[in-house]
Amino acid sequence: MNTAAPLTDDLRSLYQEIILDHGKSPRNVRVVEHHTCKAQGNNPMCGDRVTVTARVSPTGVLEDVAFEGKGCAISIASASMMSEALAGRTVSTAQQLFSAVHDLCTGKTDTDQAKAALSPDLGDSLDKLASLSGVRQFPVRVKCATLPWHALMSCLDGKNQATTEK
Amino acid sequence: MNKAAALNTKPTYDVMKVRADFPILARQVHGKPLVYLDSAASAQKPRQVIETISRVYTSEYANVHRGAYFLSEHATAAYEAAREKVQAFVNAASVKEIVFTKGATEAINLVAATWGRKFIKAGDEIVLTAVEHHSNIVPWQLLREATGCVLKIAPVRLDGSIDIAEFAKIIGPKTKLVAVAHVSNVLGTVLPVREIAELAHAAGAKLLLDGCQGIVHEFVDVQDLGCDFYVFSSHKLYGPTGIGVLWARLELLEAMPPYQGGGDMIDTVTFAKTTWAPPPAKFEAGTPPIAEAIGLGAAIDYLNSLDRVAAAAHEKDVLRYAMSSLAQVPGVRLIGTAPGKASVQSFVMEGAHPHDLATVLDRSGISVRAGHHCAQPLMEILGVTATTRASFGIYTTMQEVDALIAGLHKAQQVLL
């Protein structure tokens, strides 16, 4: 029996193929060896938790980023894509990408504007990450997409906790 | 129809007539008819409650227990009449045993902060169960910090039922209080509270029941249940938010120190010494939620105007239908299948996180709760981080269950 109505566009844009792929088969689910920082992201509303670990070189390069945790498709996909996008980037580039993803998810910018603000070699990464921006139509789900990023930023700041409640 | 024939007729329940009393049920969400399956979090309100609150503020409002003028006398009478309605609804021995609080959470905190601080000492034990809501865990943890008492947790079976023999092992000579849910908000389990009362009293302990779900789904007679404290919130009982009830035996209320100091709770005040008003006023410092209390009274009147036996039977029918329908959805596992349970059903669906499910269902107009339901310790025991919960009320229809099932199939298309 299936009497369900056709999917709405905003559901399709939230649960795109790339999100479902990373949500079901997340990359870099592990603890980074010899990590230099580690932080737990916690969404007290839903109980989702993600622990991010990273190894930053003395020259400020994110040599490896990984995560472990339980969460919804959006938060897991976001963590997985983040770990792929940031490996090999400098800390300052990671911060720029975080801010771009944050603005895309909250609807402050669109993909083209966000790209224009970044150096050209980040375009491909941002195209993938922009798939997270479907959450802008779902205000309560924005925190799901940004949770692993907040955790990573806390970890880079030397804190070991991040929460979506400020 | 004569009386004999009426008695032989199976009670009929006109759910559509009940629905017509709830204006919000006529609205749409995301262009779809609202299917509200989150009554265990907060129930919708019938127009009888909405109109009562509106009438209070429109033409009958003033502060209570104060002025010697018409409106204040009128408001005081209505506020105290609401207390009498609550007394009758739970069959309390005296109206003095009904304390208005801002909700069940405050009622539990009140007991912990007054009775607990006075009577619980270091090493004393408080017994909870694994199914408790955070609001029946955290106040006791605060009391533990203040007094050095010990919290002991009675286990729950995987189907959500409580093994009374295991429970008996947790209670001992040091047990001073047993504080348990009457009905689990996650699993729907109706706890064996009479047996628990016997065990508690045999050990010389008091029994507090968190009745947030119990008051909605069971017929509560506090004297028959054998508990010492019973707490509930109005907003789950089709009444307004901001008002709840603490019932306690009068001798307990009399022995308890005040909760908060202020107006209304005193007998006489001098800077040297203040004497307290008798219960319930002793626990109702400050201007109370007046319209809310009167609104709760209206909710009770409304429920009493229904055939409550038939309404309860209807809820059970909806629950049975939901359980069997959900069980047929591929990948769905029911969480909470204790015999005789109330109409609250948690479940998980393979490959789909509850939050993703809730988002997809919402776009079909279906409101369900996803998450840990303020019961993180229970989630850990059940081995899940979160569940999806559909909860059913006096207005839920079989068609709404069908809509939920269709929504889950749609979610599988989107998410799997």
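Residues numbered from 1 in each chain as written. Chains lettered and ligands numbered in written order. Predicted model: local features only at pLDDT ≥ 70, side-chain atom pairs only at ≥ 80, totals over all residues. Heavy atoms only, no water.

1. Some thoughts on the domain arrangement of chain B
Residue and element names in this part refer to chain B.
Stage number 1. Taken domain by domain, chain B comprises domain 1 (3-30 + 307-415) and domain 2 (50-304).
Stage number 2. Taken over C-alpha atoms, the centre of domain 1 sits 28 Å from the centre of domain 2.
Stage number 3. The junction of domain 1 with domain 2 conceals about 2500 Å² of combined surface from both sides, 63% of it contributed by carbon and sulfur atoms.
Stage number 4. On the domain 1 side of the contact with domain 2, Arg308, Cys374 and Leu378 bury the most area, a combined 26% of that side's loss.
Stage number 5. Connecting domain 1 to domain 2 are zero salt bridges.
Stage number 6. The interface formed by domain 1 and domain 2 includes 14 residue pairs in polar contact (both at pLDDT 80 or more).
Stage number 7. Mapped by element, the contributors of at least two residues to the side of domain 1 that touches domain 2 are α13 (308-327), β14 (344-349) and α15 (376-382).
Stage number 8. Per-element accounting of the side of domain 1 that touches domain 2 gives the leading share, six residues, to α15. (Domains from an automatic or database assignment. Buried area = accessible area lost by both parts, 1.4 Å probe. Salt bridge = Lys/Arg side-chain N within 4 Å of Asp/Glu carboxyl O. Polar contact = N/O pair within 3.5 Å; in protein donor to acceptor, adjacent residues only side chain to side chain. Helix = DSSP H or I, 4+ residues; strand = E, 2+ residues; numbered from the N terminus.)

2. Let's talk about the nonpolar core
Stage number 1. Residues Tyr15, Ile74, Leu86, Trp149 and Leu152 of chain A together with Leu404 and Leu408 of chain B are the most contacted members of the largest nonpolar core, which totals 76 residues.
Stage number 2. Once residues within four sequence positions are removed from consideration, leucine 408 of chain B is found in contact with Leu326, Val329, Phe347, Met349, Leu357 and Leu361 of chain B.
Stage number 3. The next biggest cluster of nonpolar side chains, apart from the first, holds 75 residues, and it includes Val127, Tyr230, Leu382 and Val384 of chain B. (Core = buried A, V, L, I, M, F, W, Y, C linked by side-chain atoms within 4.5 Å. Buried < 20%, exposed > 50% of the residue type's maximum accessible area, 1.4 Å probe, protein only. Contact = heavy atoms within 4.5 Å.)

3. Quick notes on helix α6 (residues 138-147) of chain B
All names here are of chain B.
Stage number 1. When we look at burial in α6, the residues that qualify are Pro139, Trp140, Leu143 and Thr147. Projected down its long axis, α6 shows its buried positions confined to an angular sector of 95°, all on one face.
Stage number 2. Residues of α6 that are buried make contact with α5 (104-119), β5 (125-129), β6 (150-154), β7 (175-181) and β8 (206-210).
Stage number 3. Following α6 by one or two positions, glycine 148 has its phi on the positive side, about 80°. (Arc of directions from axis to C-beta.)

4. Concerning the sheet that holds strand β16 (residues 369-371) of chain B
Residues and elements named next belong to chain B.
Stage number 1. One open sheet accounts for four strands, arranged β13-β14-β17-β16; its pairing is antiparallel. Whereas interior strands pair on both sides, the edge strands pair on one side only; in this sheet they are β13 (332-335) and β16. Taking the axes of each pair of neighbouring strands and ignoring which way they run, one obtains an average angle of 30° across the sheet.
Stage number 2. Relative to strand β17 (residues 387-391), β14 runs antiparallel, the two sharing four bridges. Its bridge partner lying in β17, serine 346 is registered against arginine 389.
Stage number 3. With respect to the sheet, α13 is in contact with β13 and β14, its orientation differing from that of β14 by roughly 5°.
Stage number 4. In the packing of helix α14 (residues 354-362) onto the sheet, contacts are made with β14, β16 and β17, and the angle to β16 comes to roughly 155°. (Pairing = 2+ DSSP bridges. Axes fitted to C-alpha atoms, helices over the stretch in contact; angles between N-to-C directions.)

5. Details of the pairing of strand β9 (residues 229-233) of chain B
Residues and elements named next belong to chain B.
Stage number 1. Counting buried residues in β9 gives five out of five residues, a clear majority hidden from the surface.
Stage number 2. Direction of pairing for β9 relative to strand β10 (residues 244-248): antiparallel, over a ladder of five bridges. Its bridge partner lying in β10, valine 231 is registered against leucine 246.

6. Details of the sheet that holds β9 of chain B
What links the strands of a sheet is backbone hydrogen bonding, and the strands pair in either a parallel or an antiparallel sense.
Residue and element names in this part refer to chain B.
Stage number 1. Strand order in this open sheet of seven strands is β4-β10-β9-β8-β7-β5-β6, and the pairing throughout is mixed. With partners counted over all chains shown, the strands left at the sheet margins are β4 (98-101) and β6, one partner each. Adjacent strand axes in the sheet meet at a mean angle of 20°, parallel and antiparallel pairs treated alike.
Stage number 2. Note: β5 against β6, five bridges, orientation parallel. Paired with leucine 128 across the two strands is isoleucine 153, which belongs to β6.

7. Notes on the interface of chain A and chain B
Stage number 1. Taken together, the contact between chain A and chain B spans 27 residues of the former and 18 residues of the latter.
Stage number 2. Overall, the association of chain A and chain B removes approximately 2000 Å² of surface from exposure, summing both partners, and the carbon and sulfur fraction of that is 58%.
Stage number 3. Between arginine 363 of chain B and aspartate 10 of chain A there is a salt bridge, with its nearest N and O atoms 2.2 Å apart.
Stage number 4. At the surface where chain A touches chain B, the tally comes to eight residue pairs in polar contact (both at pLDDT 80 or more).
Stage number 5. At the level of secondary structure, the elements contributing two or more residues to the side of chain A that touches chain B comprise α1 (9-14), α2 (17-24) and α3 (73-86) of chain A.
Stage number 6. Top element by residues in the side of chain A that touches chain B is α1 of chain A. It accounts for three residues.
Stage number 7. The residue inventory of the side of chain A that touches chain B, partitioned by class, reads 16 nonpolar, six polar and five charged. (Nonpolar A, V, L, I, M, F, W, Y, C, P; charged D, E, K, R; others polar.)

8. Let's talk about the state of the cysteines
All names here are of chain A.
Stage number 1. Under the counting rule described, the total for this entry stands at one disulfide over all chains.
Stage number 2. Here cysteine 37 is linked by a disulfide to cysteine 155, with a sulfur-sulfur distance of 2.4 Å. Measuring the twist about the S-S bond at about 50°, one finds the cysteine 37-cysteine 155 disulfide to be right-handed. In this pair, cysteine 37 is assigned in strand β1 (residues 37-43) and cysteine 155 in helix α7 (residues 142-156), connecting sequence segments 118 residues apart.
Stage number 3. Overall, the relative accessible area of 10% leaves cysteine 37 in the buried class.
Stage number 4. The exposure class assigned to cysteine 155 is buried, which follows from its relative accessible area of 3%. (Disulfide = S-S within 2.5 Å.)

9. Concerning the packing of α2 of chain A against α3 of chain A
Residue and element names in this part refer to chain A.
Stage number 1. At a closest axis distance of 7 Å, the pairing of α2 and α3 adopts a crossing angle of 90°. By the angle between their axes, α2 is roughly perpendicular relative to α3. Here α2 contributes Ile18, Ile19, His22 and Gly23 to the contact with α3, which in turn contributes Ala73, Ile74, Ile76, Ala77, Ser80, Met81 and Glu84.
Stage number 2. Looking at the contact of α2 with α3 residue by residue, the class counts come to seven nonpolar, three polar and one charged. (Parallel < 35°, antiparallel > 145°, perpendicular 65-115°, else oblique.)

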